[in-house]
Amino acid sequence: MAVTSAGLLAKVIPKRIRKIFSWLLNAGTGGIQDDDTRRRIFIVNAISVSICMLLIAITPVFLALTDRWDIILGPVILDFIITFSVVILNFKRKYLAASLTVYLVQCASIMYFSILLSNVVALEAMIIFLISIIYLIFKDDRLRRICLVAAILTLALIETSYYFEWFTPIPLSYNTAFLMHTMIISAILLLIIVVSRPYIKSNDTNEELKKANYFKRIFVHQVTHEIRTPLNAIYGVAQLLKREIRLDDRLKSVETLVDQQLDAIKNARSIVNNVLDMAQIESGMMEVTEKESFLVEQFFTRIIEVNKVIARTRNIHLKLTFAQMPAVLHDDILKIHQVTTNLLANAIKYADRNTTVHLHIQGAGTRWSLQFSNKGPVIPPEKQEQIFNPFVTDKSKYIEGTGLGLYIVKGKVTAMGGTVMVDSGEDKTVFTVVLPMQEGSTGDILPEPEEDVTLDGLGNIHVLLAEDNELNAQLLCRLLSHIGCNTIWVKNGQDLIVQVEKHIPDIIIMDYHMEVMDGEETLLYLKRTPELKDIPVIISTGDAYAETRDAFIKAGADAFIEKPINYSSLIKVLKAHLHHNSQELLE
């Protein structure tokens, strides 16, 4: 059986020594999420450790050949101590100090030993090596320029010293000089291999990573879209049932079941959104922060009320308390809502039955915190370190979830400049989010849109619906029929165009993904045709990517509704765009 070099090294080098080297090379990389930053720290550690090992290996040979302990041993020991301290600096997360130390100390060391041993040992080649790694260990252009100048000055001083013979070098025989020259060149080659190996491996796998990321994006795109399509049908049925219950008191007995179904659908929709958020985070897209003022107590009370239905199924009580909080905050309300909803749902999910989940919101100077506490299974310390990673969840019992909620929470909190942590003991588990506090004023609060879901103005409106899923189409046609609209359903964009040319509708609701002719192509055709371009077009799709929405709006769509469709929201959109086009309708 063939034995790989890695396997052979694993057998030759004791496990304890391998662990020590691994710790030295990775010192300071723990908790660093950015791959580029982590790689730079690793390279600085690798250079430091390699130089220390070379000093240990080469110094005894130099001492034996030159017999000049007085001017060699002291500087070598000093060089070793300072160079090794680089690993300690990285471990203490003083990354800039570590990088500058390893670089500038080597410049000084090379100058000293080059002058001491004359130019026959080619130590100035080390300067060329240092120049070549500037862009690998420094990210800031200003530091790169400083270190480049330092290296060039070092090289210039060495060559000037050789030319003017400012110092008398140690006399070396031809054989001694040749041996030292060979050892120095070998050492430089070793350092080049140590530094370049991670980048060669990265380049080898770069194409595979690109392909993997592309196919992962396609997978996420397809799965989320395919999930939203049946989810839209289930949500539609539940909303129609809820409407029937309001109209018929005899159906009140099933209202609780319908409410639970609606909550389950909202939970499923939240999971789909978390998957999309994860894909966005991993793609490196920056989180956009949009701040607005909001009433603190009212905002969190509403979130509690929504989650009470889910909590009630397990006889869990929700308690909300405030301490030292201003009445109004100015912050990213959407991110805070997602963080609160995810952590509250997590606390309910893992709480013991017949207990209380407590949300405590407290201000402290320039910061404020949200504490979510419950009584449930203890999270062991080793799992607490991983709990904010994606797909980490409790598999000891059947609990719904993808393990993405806490990962999304960390991303949102970090984007807002805050921190999130967990503390779990026998009495309770507490998740704490700490955020910067920016107090708002009541005068800055935007007025809430009125809950206008009346059907005035929608009677006898002609709606053309293009939807390739028959069940979704039937449900939407039924709703539109209930509110007084006259609806014609077609299965694709081509049929839509044929129908439009027969009779111009008041408004078009159109799916994105359709066979024969999809929504984007159909929209472009409508907007290019003068007699059709003023028809309001609402795009309805499970494809919730921001770029898809932006592309349709730029192409001329009047509105974009995400599946599963909320019927109240759809009615508002219909009224808004029919009102906008009222003059054309009157004509």
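Look up: the structure comes first, before these words.
A quick note: this is a predicted structure, and the numbers were derived from the prediction, not measured.

Draft legend 1. Representation of the overall build of the chain within the structure. Regarding its fold elements, the chain presents 20 helices and 12 strands. By the burial criterion, 42% of the 587 residues in the chain qualify as buried. Intrachain contacts of the chain at a sequence separation of at least 6 include 73% that bridge at least 24 residues. Put simply, the chain shows about 32100 Å² of open surface, and 59% of that area lies on carbon and sulfur atoms.

Draft legend 2. Region of interest: the side chain of Gln 106. With respect to the helices, strands and loops of the structure, Gln 106 is situated in helix α5 (residues 95-117). The exposure class assigned to Gln 106 is buried, which follows from its relative accessible area of 4%.

Draft legend 3. Representation of helix α12 (residues 333-350) within the structure. For α12, built from 18 residues, the straight-helix expectation of 26 Å at 1.5 Å per residue is met to within 8% by its first-to-last C-alpha distance of 26 Å. For α12, every residue scored as buried is listed here: Ile 333, Lys 335, Ile 336, Val 339, Thr 340, Asn 342, Leu 343, Leu 344, Asn 346, Ala 347, Ile 348 and Tyr 350. Capping the start of α12 is the job of one residue whose side-chain oxygen sits 3.3 Å from the backbone nitrogen of Leu 334: Asp 332.

Draft legend 4. How the structure looks around the sheet that holds strand β9 (residues 486-490). Pairing within the open sheet is parallel, and its five strands lie in the order β9-β8-β10-β11-β12. At either margin of the open sheet sits one strand with a lone partner, and together these are β9 and β12 (559-562). Neighbouring strand axes in the sheet, compared pairwise and without regard to direction, differ in orientation by 20 degrees on average. The sheet contact formed by strand β10 (residues 507-511) and strand β11 (residues 537-541) spans four bridges and is parallel. Each residue of the ladder has a partner; that of Met 510, found in β11, is Ile 539.

Draft legend 5. Layout of unusual backbone geometry. A positive phi angle, near 65 degrees, is found at Arg 93, a position not held by glycine. Within the secondary structure layout, Arg 93 lies in the loop between α4 (69-91) and α5.

Draft legend 6. Molecular detail of the side chain of Ser 99. Note that Ser 99 resides in helix α5. The residues touching Ser 99, leaving out its near neighbours within four places in the chain, are Val 44, Ile 137 and Phe 138.

Draft legend 7. Structural detail: the packing of aromatic side chains. Across all of its chains, the model carries 10 aromatic pairs by this definition. With centroids separated by 5.0 Å and ring planes inclined at 85 degrees, the aromatic side chains of Phe 299 and Phe 300 adopt a geometry described as edge-to-face. Each member of the pair Phe 299 and Phe 300 is classed as buried. Where Phe 300 meets Trp 368, the ring centres are 6.3 Å apart and the plane angle is 65 degrees; that geometry is what we call edge-to-face. Taken together, the residues Phe 300 in helix α11 (residues 296-312) and Trp 368 in strand β5 (residues 367-374) connect sequence positions 68 residues apart. With a relative accessible area of 0%, Phe 300 lands in the buried category. The exposure class of Trp 368 is buried, given its relative accessible area of 1%. Through successive ring pairs, a cluster of aromatic residues spans Phe 294, Phe 299, Phe 300 and Trp 368.

Draft legend 8. A look at the nonpolar core. Judged by nonpolar contacts, the single largest core of 42 residues is most densely connected at Ile 47, Tyr 103, Phe 129, Leu 130, Ile 133 and Ile 137. Taken together, the elements giving at least two residues each to this core come down to α3 (35-66), α4, α5, α6 (125-132), α7 (134-137), α8 (141-164) and α9 (174-247). If near-sequence neighbours (up to four positions away) are discounted, Tyr 103 is found in contact with Leu 130, Ile 131, Ile 133, Ile 134, Ile 137, Phe 138, Cys 147 and Ala 151. Core analysis: the next-biggest nonpolar cluster, separate from the first, contains 38 residues, Leu 329, Leu 343, Leu 344 and Ile 348 among them.

Draft legend 9. Up close: the pairing of β9. With five bridges joining them, strand β8 (residues 462-466) and β9 adopt parallel strand pairing. Residue pairing across strands places Val 463 opposite Thr 487, the latter belonging to β9.

Draft legend 10. Region of interest: the sheet that holds strand β6 (residues 419-424). Pairing is mixed across the open sheet formed by five strands, whose spatial order is β2-β4-β5-β7-β6. Because the sheet does not close on itself, it has two edges, and the strands there are β2 (317-323) and β6. On average, each strand axis in the sheet is tilted by 15 degrees relative to the strand beside it, whichever way the strands run. Sheet topology note: the strand β4 (residues 356-364)/β5 ladder contains seven bridges and is antiparallel. Bridged to Gln 362 within β5 is Ser 369. Across the sheet, α12 is in contact with β2, β4, β5 and β7 (429-436); its angle to β5 comes to roughly 20 degrees. The strands that helix α14 (residues 405-415) touches are β6 and β7; relative to β6, the one it contacts most, it runs at about 140 degrees.

Draft legend 11. Up close: the packing of α4 against α5. One can describe the packing of α4 onto α5 by two numbers: an axis separation of 8 Å at closest approach and a directional angle of 165 degrees. Compared by their axis directions, α4 and α5 come out roughly antiparallel. At the point where α4 passes α5, the crossing takes the left-handed sense. Seen from α4, the contacting residues are Ile 71, Ile 72, Pro 75, Val 76, Asp 79, Ile 82, Thr 83, Val 86, Leu 89 and Asn 90; seen from α5, they are Tyr 95, Ala 97, Ala 98, Thr 101, Val 102, Val 105, Gln 106, Ser 109, Tyr 112, Phe 113 and Leu 116. Class assignment for the residues of the contact of α4 with α5 results in 15 nonpolar, five polar and one charged.

Draft legend 12. Representation of the environment of Thr 66 in the model. With respect to the helices and strands, the residue Thr 66 is situated in helix α3. Separated by 110 residues in the primary sequence, Thr 66 and Thr 176 place their C-alpha atoms 8.3 Å from one another. With residues near it in sequence (within four places) discarded, Thr 66 still touches Ile 72, Ile 170, Leu 172 and Met 180.

Conventions and cut-offs
- Residues numbered from 1 in each chain as written.
- Predicted model: local features only at pLDDT ≥ 70, side-chain atom pairs only at ≥ 80, totals over all residues.
- Heavy atoms only, no water.
- Helix = DSSP H or I, 4+ residues; strand = E, 2+ residues; numbered from the N terminus.
- Buried < 20%, exposed > 50% of the residue type's maximum accessible area, 1.4 Å probe, protein only.
- Contact = heavy atoms within 4.5 Å.
- Areas by Shrake-Rupley, 256 points an atom, 1.4 Å probe, with all protein chains shown as cover.
- Expected span 1.5 Å × (residues − 1).
- Polar contact = N/O pair within 3.5 Å; in protein donor to acceptor, adjacent residues only side chain to side chain.
- Pairing = 2+ DSSP bridges.
- Axes fitted to C-alpha atoms, helices over the stretch in contact; angles between N-to-C directions.
- Phe/Tyr/Trp six-rings, centres within 6.5 Å; stacked < 30°, edge-to-face > 60°.
- Core = buried A, V, L, I, M, F, W, Y, C linked by side-chain atoms within 4.5 Å.
- Parallel < 35°, antiparallel > 145°, perpendicular 65-115°, else oblique.
- Left-handed = near helix turned anticlockwise from the far one by under 90°.
- Nonpolar A, V, L, I, M, F, W, Y, C, P; charged D, E, K, R; others polar.

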